Amino acid sequence: MDINRKRIVEECRRSRIFNAKQRQIGIDVKALNNQVRECRLIKEKEEENDRRFAEEAKWKSQLGELLERQKDDEIRERNKKLAEFWKTEQRAEERKEFDVYDPDQKKKPAYIVRSCSVSGLQKFECEDLERENRLLKQKKEVQDVLLQQILEKRMRKMKEETEKREWTSVMSQRDSYNQKMDELAMKRRQEASIALIAENQRLAKLKEESLARQKIEDNIEKEKDIEFHVHGCLLRETHGKEMSKEQLKEFYDEHLKQMAEKQKKKDQELYEKSLWDKQLRNMEDSFKRLEEERNNSRRKLDKDILLVNELLAQEQRRQQEFLNRVYTNVPSKEFFEQFNTTSR
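Reading the values: the criteria
Residues numbered from 1 in each chain as written. Predicted model: local features only at pLDDT ≥ 70, side-chain atom pairs only at ≥ 80, totals over all residues. Heavy atoms only, no water. Helix = DSSP H or I, 4+ residues; strand = E, 2+ residues; numbered from the N terminus. Buried < 20%, exposed > 50% of the residue type's maximum accessible area, 1.4 Å probe, protein only. Contact = heavy atoms within 4.5 Å. Areas by Shrake-Rupley, 256 points an atom, 1.4 Å probe, with all protein chains shown as cover. Polar contact = N/O pair within 3.5 Å; in protein donor to acceptor, adjacent residues only side chain to side chain. pLDDT = per-residue confidence, 0-100. 1 Å grid on protein atoms, 1.4 Å probe; cavity = no way out; pocket = protein on both sides within 12 Å on 5 of 7 lines; lining within 4 Å. Points joined across faces, edges and corners; volume = space filled by probe spheres on them. Nonpolar A, V, L, I, M, F, W, Y, C, P; charged D, E, K, R; others polar. Salt bridge = Lys/Arg side-chain N within 4 Å of Asp/Glu carboxyl O. Phe/Tyr/Trp six-rings, centres within 6.5 Å; stacked < 30°, edge-to-face > 60°. Lys NZ or Arg CZ within 6 Å of the ring centre and 35° of its normal. Patch = residues over 30% accessible without salt bridge, like charges linked within 9 Å, V, L, I, M, F, W, Y side chains within 5 Å. Expected span 1.5 Å × (residues − 1).

1. Examining the overall build of the protein chain
Here's step 1: Counting secondary structure elements, the protein chain contains six helices and zero strands.
Here's step 2: Ordered by position from N to C terminus, the α and β elements of the protein chain give α-α-α-α-α-α.
Here's step 3: Counting only residues that meet the buried cut, the protein chain has 8% of its 344 residues in that class.
Here's step 4: Put simply, of all contacts in the protein chain between residues at least 6 apart along the chain, 79% involve residues at least 24 apart.
Here's step 5: Within the structure as shown, the protein chain displays about 30,000 Å² of accessible surface, and the carbon and sulfur contribution to it stands at 55%.

See below:
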């Protein structure tokens, strides 16, 4: 009974020593669960940030569309009121120059001179007594009309330029806001990437420490195994006889096989570690390149905007200089007050 019990104990010990998978490989389930939970939290945080950014961008877009629609409605209502005012308050037959292009002028009775004597002739056939005065009045009215049209055109142009400047200001503000939102989103993504890299580095460091501890434990266990093989009776049979050559050869072959498997595992871990470090370096390089490309595009956009603003400023200065050369006589307040002083 004692011999059988010892034989069973030795067989269990031998299976435990020769089983490299059970003796050397271990899995840290708690660390893996923590890593999965942290990755899930990071992913949920990124999704929440993206959703919030999308909602804010959608709200800003709707606000811009609403403002643009209100502006169009105001312009349409103002044009409608202006056309109604022209139709009711500035009719063509009430203008001073209406007699210049009156279609019914020939149908009206001719002007008769009342200061002639009884025997004197008042009007010959096809004779126009007021031709010179009428031509002078017509020329003056034409000049007044042209001047008024020029002034109205200048005022309308100034108003359009003011509206254009206001619209450009609103668009620039919206573009600057969108640019700030893009920069904020990029910053958030960079922060998330930096946090992910730091977490991966921390996990890699923990893995290295775990491997180092495992290596120390393996070395201690190997020393114990060597001590047991040297001082123990594992290599001898229970009756005190030495092992046969075939058993020794099988034992040494198994031992060499375990050493080769352990070296292969170590090489595999070193290879995976090198791949992980290479991936981290590639991620850092890609982030640096992306940031550099974004900075280059931003600088190029700023240069283009500056060039366009300079061209617009030059065009505006040339136009202002032209207007100053052409319109040298600025109308006074009395000039505008002389119109529409009487009713027909």
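Don't stop here, the text continues.
2. Here we look at the side chain of Glu199
Here's step 1: With respect to the helices and strands, Glu199 occurs in helix α4 (residues 131-231).
Here's step 2: At 2.3 Å, the side chain of Glu199 and the side chain of Arg202 are in polar contact.

3. Remarks on the confidence of the model for the protein chain
Here's step 1: Averaged over all residues, the pLDDT of the protein chain is 78; the fraction at 70 or higher stands at 81%.
Here's step 2: Of all the helices and strands in the protein chain, helix α2 (residues 20-24) carries the lowest mean pLDDT, 58, while helix α3 (residues 29-89) carries the highest, 87.
Here's step 3: Every residue in residues 233-241 scores below 50 in pLDDT, and together they form 13 contacts with partners more than four places removed in sequence or on other chains.

4. What about the layout of surface pockets?
Here's step 1: Its boundaries defined by the atoms lining it, the second largest pocket holds a volume of some 1,500 Å³.
Here's step 2: If you trace the second largest pocket, you find 34 residues lining it, with Trp86, Gln90, Gln148, Glu152 and Asn340 closest to the centre.
Here's step 3: Of all the secondary-structure elements, those providing two or more residues to the lining of the second largest pocket are α3, α4 and α6 (333-337).
Here's step 4: The leading source of residues in the lining of the second largest pocket is α4, at 13 residues.
Here's step 5: A breakdown of the residues in the lining of the second largest pocket according to their chemical character gives ten nonpolar, eight polar and 16 charged.

5. Considerations on the pattern of salt bridges
Here's step 1: Considering all chains together, one arrives at ten salt bridges under this definition.
Here's step 2: Between Glu163 and Arg78 there is a salt bridge, and its shortest N-O distance comes to 3.3 Å. Within this pair, whereas Glu163 is found in helix α4, its partner Arg78 is found in helix α3, the two being separated by 85 residues in sequence.
Here's step 3: In this structure Glu163 comes out as partly exposed when scored by relative accessible area, which is 25%.

6. Some points on the packing of aromatic side chains
Any two aromatic rings considered together are summarised by their centre-to-centre distance and by the angle between their planes.
Here's step 1: Throughout the structure, instances matching the rule amount to zero aromatic pairs.
Here's step 2: Taking the ring centre of Tyr177 as reference, the NZ or CZ of Lys60 above it sits at 4.6 Å.

7. Observations regarding a nonpolar patch on the surface
Here's step 1: Nonpolar side chains collect at one region of the surface, where Trp59, Leu63, Leu66 and Leu67 lie side by side and expose about 370 Å² of accessible area between them.
Here's step 2: With respect to the helices, strands and loops of the structure, Trp59 is situated in helix α3.
Here's step 3: Judged by relative accessible area, Trp59 falls into the partly exposed class, the value being 48%.

8. Overview of the side chain of Asn200
Here's step 1: The residue Asn200 is located in helix α4 in this model.
Here's step 2: By relative accessible area, Asn200 is classed as buried at 11%.
Here's step 3: Dropping the residues within four chain positions of it, Asn200 is found in contact with Trp276 and Leu280.

9. Concerning helix α5 (residues 245-326)
It helps to recall that an α-helix has 3.6 residues per turn; residues three or four apart then point in one direction.
Here's step 1: For α5, which comprises 82 residues, the first-to-last C-alpha distance of 120 Å matches the rise-based estimate of 122 Å (1.5 Å per residue) to within 8%.
Here's step 2: Where α5 is concerned, the buried positions are Phe251, Gln258 and Leu280.

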